[in-house]
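# Tertiary structure, described
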Amino acid sequence: GIQVEQSPPDLILQEGANSTLRCNFSDSVNNLQWFHQNPWGQLINLFYIPSGTKQNGRLSATTVATERYSLLYISSSQTTDSGVYFCAVCESNFGNEKLTFGTGTRLTIIP
Amino acid sequence: NAGVTQTPKFRILKIGQSMTLQCAQDMNHNYMYWYRQDPGMGLKLIYYSVGAGITDKGEVPNGYNVSRSTTEDFPLRLELAAPSQTSVYFCASTPSGGIQPQHFGDGTRLSIL
């Protein structure tokens, strides 16, 4: 099956700093989603981005499908950005659209 | 719309007990999924359904059963609870597969003691 690798595994930043999270995947995908799992365990859907670039406030994401990676940018970090960020993909050659998750990047924002 | 609703939010079971985790969605989505998340890990797919009456195994189906008698509901059953099933369980849905984002419930935290 498809492999999804996220880097870095852990990231500690001062409030106000910018960060870039990376997701590499091993095969063609027709679905890529970025999630934020908050300290209460809820999965917040950030972006649905199988290709191209999207922005939502301080967050933006870019997926280069031909090179099999996606980047999540967080600018002017706030303490509420802390949590685990997951990338998840669906392989293009399946009809069942099962999401495969990476192991996540744990982001800690220090006041 | 409530979206994807999971009940209960928390549960403690004894080894060998059985229980059903409930998942309901009010978005008329065809596809529904059950995932489990172990501590410090990403989510892994247990079972999924592409429509009422149709279910299939995911990556980690052993010890679980599902049914899909209606479009709205997709319950997950644990028949003989084992400590290895201690996890957080997430249900998700999507209108159709692959080209639509999946919507997740808030999860059920299950401990087997």
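Our structure is the block above this text.
Predicted model only: the values in this text are computed from it and were never measured.

### Brief notes about the nonpolar core
Residues A:Trp34 and A:Val89 are the most contacted members of the largest nonpolar core, which totals 21 residues. Mapped onto this core, the elements with two or more residues apiece are β2 (10–14), β3 (19–25), β4 (29–37), β7 (59–64), β8 (69–74), β9 (83–91) and β11 (105–110) of chain A. Counting residues in each nonpolar core, the second largest holds 19 residues, with B:Met32, B:Tyr64, B:Leu78 and B:Ile112 among its members.

### What to know about the state of the cysteines
What the rule picks out here adds up to two disulfides over all chains. A sulfur-sulfur distance of 2.0 Å marks the disulfide that ties A:Cys23 to A:Cys87. Taking the sign of the S-S torsion, -55° for the link of A:Cys23 and A:Cys87, the bridge is left-handed. In this pair, A:Cys23 is assigned in strand β3 and A:Cys87 in strand β9, connecting sequence segments 64 residues apart. For A:Cys87, a relative accessible area of 0% translates into the label buried. With a sulfur-sulfur separation of 1.8 Å, B:Cys23 is cross-linked through a disulfide to B:Cys91.

### Side note on the side chain of A:Asn31
Within the fold, A:Asn31 resides in strand β4. Polar side-chain contacts of A:Asn31 include one of 3.5 Å to the side chain of A:Gln33.

### Concerning the interface of chain B and chain A
Between chain B and chain A, the residue contacts involve 19 residues of the former and 20 residues of the latter. Here chain B and chain A share an interface that buries about 1600 Å² over both sides, 55% of which is from carbon and sulfur atoms. On inspection of chain B and its partner chain A, the count reaches zero salt bridges. In this assembly, chain B and chain A are joined by four residue pairs in polar contact (both at pLDDT 80 or more). The element that contributes the greatest number of residues to the side of chain B that touches chain A is strand β4 (residues 31–37) of chain B, accounting for four residues. Among the residues forming the side of chain B that touches chain A, the class breakdown is eleven nonpolar, seven polar and one charged.

### Digging into the sheet that holds strand β3 (residues 19–25) of chain B
All names here are of chain B. The four strands are arranged β1-β3-β8-β7 in an open sheet whose pairing can be described as antiparallel. A single partner strand is all that each edge strand has here, and the edge strands are β1 (4–7) and β7 (64–66). Between one strand axis and the next, the sheet turns through 20° on average, direction left out of account. Across three bridges, the pairing between β3 and strand β8 (residues 76–78) is antiparallel. Paired with Leu21 across the bridge in β8 is Leu76.

### Examining the pattern of salt bridges
Residues and elements named next belong to chain B. This structure, assessed with the given rule, holds three salt bridges over all chains. The shortest N-O distance in the salt bridge between Arg36 and Asp38 comes to 2.8 Å. A relative accessible area of 10% places Arg36 in the buried class. In this structure, the salt-bridge partner of Glu79 is Arg77, at a minimum N-O distance of 3.2 Å.

Conventions we followed
- Residues numbered from 1 in each chain as written.
- Chains lettered and ligands numbered in written order.
- Predicted model: local features only at pLDDT ≥ 70, side-chain atom pairs only at ≥ 80, totals over all residues.
- Heavy atoms only, no water.
- Core = buried A, V, L, I, M, F, W, Y, C linked by side-chain atoms within 4.5 Å.
- Buried < 20%, exposed > 50% of the residue type's maximum accessible area, 1.4 Å probe, protein only.
- Helix = DSSP H or I, 4+ residues; strand = E, 2+ residues; numbered from the N terminus.
- Disulfide = S-S within 2.5 Å.
- Polar contact = N/O pair within 3.5 Å; in protein donor to acceptor, adjacent residues only side chain to side chain.
- Contact = heavy atoms within 4.5 Å.
- Buried area = accessible area lost by both parts, 1.4 Å probe.
- Salt bridge = Lys/Arg side-chain N within 4 Å of Asp/Glu carboxyl O.
- Nonpolar A, V, L, I, M, F, W, Y, C, P; charged D, E, K, R; others polar.
- Pairing = 2+ DSSP bridges.
- Axes fitted to C-alpha atoms, helices over the stretch in contact; angles between N-to-C directions.

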